Amino acid sequence: MKRVITLLIIVLGLCQGAGAQGYKNPVISGFHPDPSVCRVGDDYYLVTSSFEYFPGVPVFHSKDLINWTKIGHCLTRPSQLKLDKCAPSAGIYAPTIRYNNGRFYMVTTNVSGGGNFYVSTDNPAGEWSEPIFVEQGGIDPTLYFEEGKSYFISNGKGITISEIDIKTGKKLTEGKIVWNGTGGRYPESPHLYKKDGWYYLLISEGGTEYGHKMTIARSRSMYGPYDPNPSNPILTHINENAQNNPIQGTGHGDFVQAPDGSWWVVFLGFRPQSLLHHVLGRETFLAPVRWDVNAWPVINGNGTVDIDMNVPTLPLKPVKKPDYSTNFNENKLGVDWIYLRNPFMKNYSLTEKKGSLRLKTSPVSLDDHDSPTFVGRRQEHINFSASTLLSLKDATEDDHTGMTAYYSPQAHYDVFLKKSNNGKYKVSLNYKMGVLNHVAQEVEIPGDRVYLQVKGDKDFYSFFYSVDGKEFKFLDKINVWYLSSETNGGFTGVLIGLYAQSKNKNTKGYGDFDEFIYKPTL
Ligand code: 6LW
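Residues numbered from 1 in each chain as written. Predicted model: local features only at pLDDT ≥ 70, side-chain atom pairs only at ≥ 80, totals over all residues. Heavy atoms only, no water.

> Where do I start with the overall build of the protein in this structure?
Looking only at helices and strands, one finds 2 helices and 38 strands in the protein. Counting only residues that meet the buried cut, the protein has 59% of its 522 residues in that class. Partitioning the contacts of the protein with sequence separation of at least 6, the portion at a separation of at least 24 is 58%. Total accessible area computed for the protein in this model is approximately 21,600 Å², and 52% of it derives from carbon and sulfur atoms. The centroid of the 54 positive side-chain charges in the protein is displaced by 3 Å from the centroid of its 53 negative side-chain charges. (Helix = DSSP H or I, 4+ residues; strand = E, 2+ residues; numbered from the N terminus. Buried < 20%, exposed > 50% of the residue type's maximum accessible area, 1.4 Å probe, protein only. Contact = heavy atoms within 4.5 Å. Areas by Shrake-Rupley, 256 points an atom, 1.4 Å probe, with all protein chains shown as cover. Lys, Arg positive; Asp, Glu negative; His and termini not counted. Charge placed at Lys NZ, Arg CZ, Asp CG, Glu CD.)

In structure tokens:
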């Protein structure tokens, strides 16, 4: 027996170094667009954009590019991230993460004020520096470091490079436009790499919807002239070969080379789920890259990718599954919980009642371009269920508290508890769809405490409530379409949020949330 165990340990040990075969896309699901990645040793770090949400720019870590753990955020302080009354899908656009000389840099744009800036740290899971702003316009900035010099690249009137002083952000040279893509609209998301004496400039074109594509050009000199790859685009799902692919809109990516010499690309895409509508936002995907005989990159053989990727992987290093649920016993919310714009923290408490998240009603509503008392987490699965147990206290008829499937101020489905003028409590289900505001259900309940539940599938959100936590009663269901990016525009995805609001400025009511349970179903 002992021998068998020793043999097993040796075999497992040997397997550790070897890659496996196959993985599933997306590698980071839910609203996590515009991924950028860097490697330090055998650790990979990845960031995605965050728009009107706070904290901003989530940071992920992985050892194999497939299994990712969210380890923190780059922008955790209002001094780094001003989102005051910003428009939906404004705020923080696409970030880039790079490592140079012992330091991590994250560069991005606050389109709602300040423009392009970067922050830095020596611990990506910890706090990042105060922002350093760069006086170069455009969006989707990136940094490139070479021989002690630092370069700043963004998409102004074309992809523009300037040299900067990395300590101050000051431009040392005027910006030079080096390429403008192959004629697709919105040439953006530049990233510069050097390989075998070539500078490769990777960008995306076509817009972030169905026409999205990734193109590349190269030059022997950083400032050009750049020659486009004759086989552009190197990634797109706009063509016939991907017309039935469950992944669409592929583009906006970043290359990384693994210690074994293999190359990979992370990029965004979305999964249409009901009549070409998607609600999960743009997600993060992974594909292998090889270099052809003419030294051009080829993504996954033919420039398309699949959910089931049947390719050799790096040695897998599985990570602990994220905790989707909580009973609010910690005195801090987990890294998945995010607020709208700059939150008024006095409206949130995990300590006033132990084991409860207390949300104090605010006159700011979910319909406002402001910061309502709201905290949510991304819907990461097409099929899911989320439930919460809550009570409403010290309330008047003006107050309510509940759970929302939230896309934007003009698109959210809310199930909540409110007090009627007869002193009794009601569960109410409301749909906000542009100018339409529809009350779908109102049901009186005994007491002031209730379980609320939302279930999502490909086509519908369905809402339920329960008084005892055992028997859940159906309230109503509604198509997913009205929360989609196709219906509403914008760049984000649906969050499942908990919130409290009031029609009264002098409100004193609050909701106590005793648990939040989120489960992928199917
Ligand atoms: C972003 C641009 C894009 O900055 O969408 O898909 C914009 N790409 O590069 C917002 O994510």
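> Mind showing me how you'd approach the pairing of strand E27 (residues 357-360) here?
It is a general feature of regular strands that their side chains alternate between the two faces of the sheet. Sheet topology places strand E26 (residues 348-349) next to E27; 2 bridges connect them, and they run antiparallel. Bridge assignment links Tyr 348 to a residue of E27, and that residue is Leu 359. Across 4 bridges, the pairing between E27 and strand E38 (residues 510-520) is antiparallel. Opposite Leu 357, over in E38, you have Phe 513 as the bridge partner. (Pairing = 2+ DSSP bridges.)

> Sorry if this is basic, but what is going on with the domain arrangement of the protein here?
Accessible area lost during the coming together of the parts is what is often quoted as the interface size. Looking at the protein, the domain boundaries give domain 1 (29-312) and domain 2 (338-520). Once you take the C-alpha centre of each, domain 1 and domain 2 turn out to be 34 Å apart. Contact residues are listed per partner, giving 37 residues for domain 1 and 35 residues for domain 2. Here domain 1 and domain 2 share an interface that buries about 3,000 Å² over both sides, 56% of which is from carbon and sulfur atoms. Here domain 1 and domain 2 share 1 salt bridge between them. Between Lys 85 and Asp 370 there is a salt bridge, and its shortest N-O distance comes to 3.8 Å. Going through the elements one at a time, strand E4 (53-54) and strand E6 (69-75) are the ones with two or more residues in the side of domain 1 that touches domain 2. Looking at the side of domain 1 that touches domain 2, its residues break down into 19 nonpolar, 11 polar and 7 charged. (Domains from an automatic or database assignment. Buried area = accessible area lost by both parts, 1.4 Å probe. Salt bridge = Lys/Arg side-chain N within 4 Å of Asp/Glu carboxyl O. Nonpolar A, V, L, I, M, F, W, Y, C, P; charged D, E, K, R; others polar.)

> I keep staring at the packing of aromatic side chains and nothing clicks. Help me out?
Two aromatic rings are characterised by how far apart their centres lie and by the angle between their planes. Taken as a whole and assessed by the stated rule, the structure comprises 34 aromatic pairs. For the pair Tyr 200 and Trp 296, a centre-to-centre distance of 6.1 Å together with 80° between the ring planes defines the contact as edge-to-face. Taken together, the residues Tyr 200 in strand E16 (residues 198-205) and Trp 296 in the loop between strand E22 (283-291) and strand E23 (297-299) connect sequence positions 96 residues apart. According to the relative accessible area criterion, Tyr 200 is buried, its value standing at 1%. A relative accessible area of 6% places Trp 296 in the buried class. With centroids separated by 6.3 Å and ring planes inclined at 70°, the aromatic side chains of Phe 384 and Tyr 461 adopt a geometry described as edge-to-face. (Phe/Tyr/Trp six-rings, centres within 6.5 Å; stacked < 30°, edge-to-face > 60°.)

> It is not clear to me how unusual backbone geometry should be interpreted in this structure. Could you clarify?
Peptide bonds are trans in most cases, and residues, glycine excluded, mostly fall at negative phi. Omega for the bond connecting Phe 54 with Pro 55 falls within 30 degrees of zero, at -5°, which places this linkage in the cis form. Position of Pro 55 relative to the elements: it lies in the loop between E4 and strand E5 (56-62). Cis peptide bonds are those with omega within 30 degrees of zero, and the linkage from Gly 224 to Pro 225 qualifies with 5°. Here Asp 140, not a glycine, exhibits a phi torsion of approximately 55°, which is positive. Counting through the fold element by element, Asp 140 comes out in strand E11 (residues 139-146). A positive phi angle is found at Leu 276, which is not glycine, with a value near 65°.

> Would you mind showing me how to read the site of the ligand here?
Lining the immediate environment of the ligand, one finds 13 residues, of which Asp 34, Asp 140, Thr 208, His 252 and Arg 282 sit closest. Residue Asp 140 places a side-chain N or O atom 2.4 Å away from an oxygen atom belonging to the ligand. One of the side-chain N or O atoms of Thr 208 is found 2.8 Å from an oxygen atom in the ligand. For the ligand, whose unbound accessible area comes to 290 Å², protein coverage reaches 98%. Looking at side-chain class alone, the shell around the ligand contains 6 nonpolar, 3 polar and 4 charged residues. (Near = heavy atom within 4 Å. Polar contact = N/O pair within 3.5 Å; in protein donor to acceptor, adjacent residues only side chain to side chain.)

> When you look at the nonpolar core in this model, what are you seeing that I'm missing?
What tends to happen in soluble globular proteins is that the nonpolar side chains get buried as a cluster. If you look at the biggest cluster of nonpolar residues, it comprises 49 residues, and the most contacted ones within it are Tyr 461 and Phe 463. If one sorts the elements of this core by residue count, strand E32 (residues 425-433) sits on top with 5 residues. Among all residues touching Phe 463, those that are not within four sequence positions of it are Tyr 413, Val 415, Leu 429, Tyr 431, Gln 453, Val 454, Lys 473, Phe 474, Leu 475, Asp 476 and Ile 478. (Core = buried A, V, L, I, M, F, W, Y, C linked by side-chain atoms within 4.5 Å.)

> Help me out: how do you make sense of the environment of Thr 96 in this one?
Within the secondary structure, Thr 96 is located in strand E7 (residues 96-100). Classification of Thr 96 by relative accessible area gives buried; the value is 2%. Sequence-wise, Thr 96 and Met 214 are 118 residues apart; in three dimensions their C-alpha atoms are separated by 16 Å.

> Looking at this structure, I do not really get the confidence of the model for the protein. What am I missing?
Reading predicted coordinates in detail is not appropriate for stretches of low pLDDT. Summary statistics for the protein give a mean pLDDT of 96 and a share of 97% for residues scoring 70 or more. The secondary-structure element of the protein with the lowest mean pLDDT is helix H1 (residues 2-17), recorded at 46, while strand E3 (residues 43-47) shows the highest, at 99. (pLDDT = per-residue confidence, 0-100.)

> Would you take a moment to explain the sheet that holds E3 for this structure?
Consider a sheet: its strands pair through backbone hydrogen bonds, and that pairing is either parallel or antiparallel. With respect to topology, 4 strands assemble into an open sheet ordered E2-E3-E5-E6, the strand pairing being antiparallel. In the strand order of this sheet, the two ends are held by strand E2 (36-40) and E6, each with one partner. Shown here is a sheet whose adjacent strand axes are inclined to one another by a mean of 25°, direction ignored. (Axes fitted to C-alpha atoms, helices over the stretch in contact; angles between N-to-C directions.)

> Can you walk me through the side chain of Arg 341 in this structure?
Looking at the element boundaries, Arg 341 is found in the loop between strand E25 (338-340) and E26. Look at Arg 341: it is buried, it has no salt bridge, and the nearest opposite charge is Glu 52 at 4.7 Å. A polar contact of 2.7 Å, which involves the side chain of Arg 341, links it to the backbone oxygen of Asp 370. Not counting chain neighbours up to four residues away, the residues in contact with Arg 341 comprise Glu 52, Phe 54, Leu 83, Lys 85, Cys 86, Ala 87, Pro 88, Asp 368, His 369, Asp 370, Ser 371 and Pro 409.

> Could you clarify how one ought to interpret the pairing of strand E34 (residues 449-456) in this entry?
In terms of burial, E34 is a largely internal element, 6 of the 8 residues being buried. Bridging between E34 and strand E35 (residues 460-466) involves 6 bridges; their strand directions are antiparallel. By the bridge assignment, Gln 453 is partnered in E35 with Phe 464.

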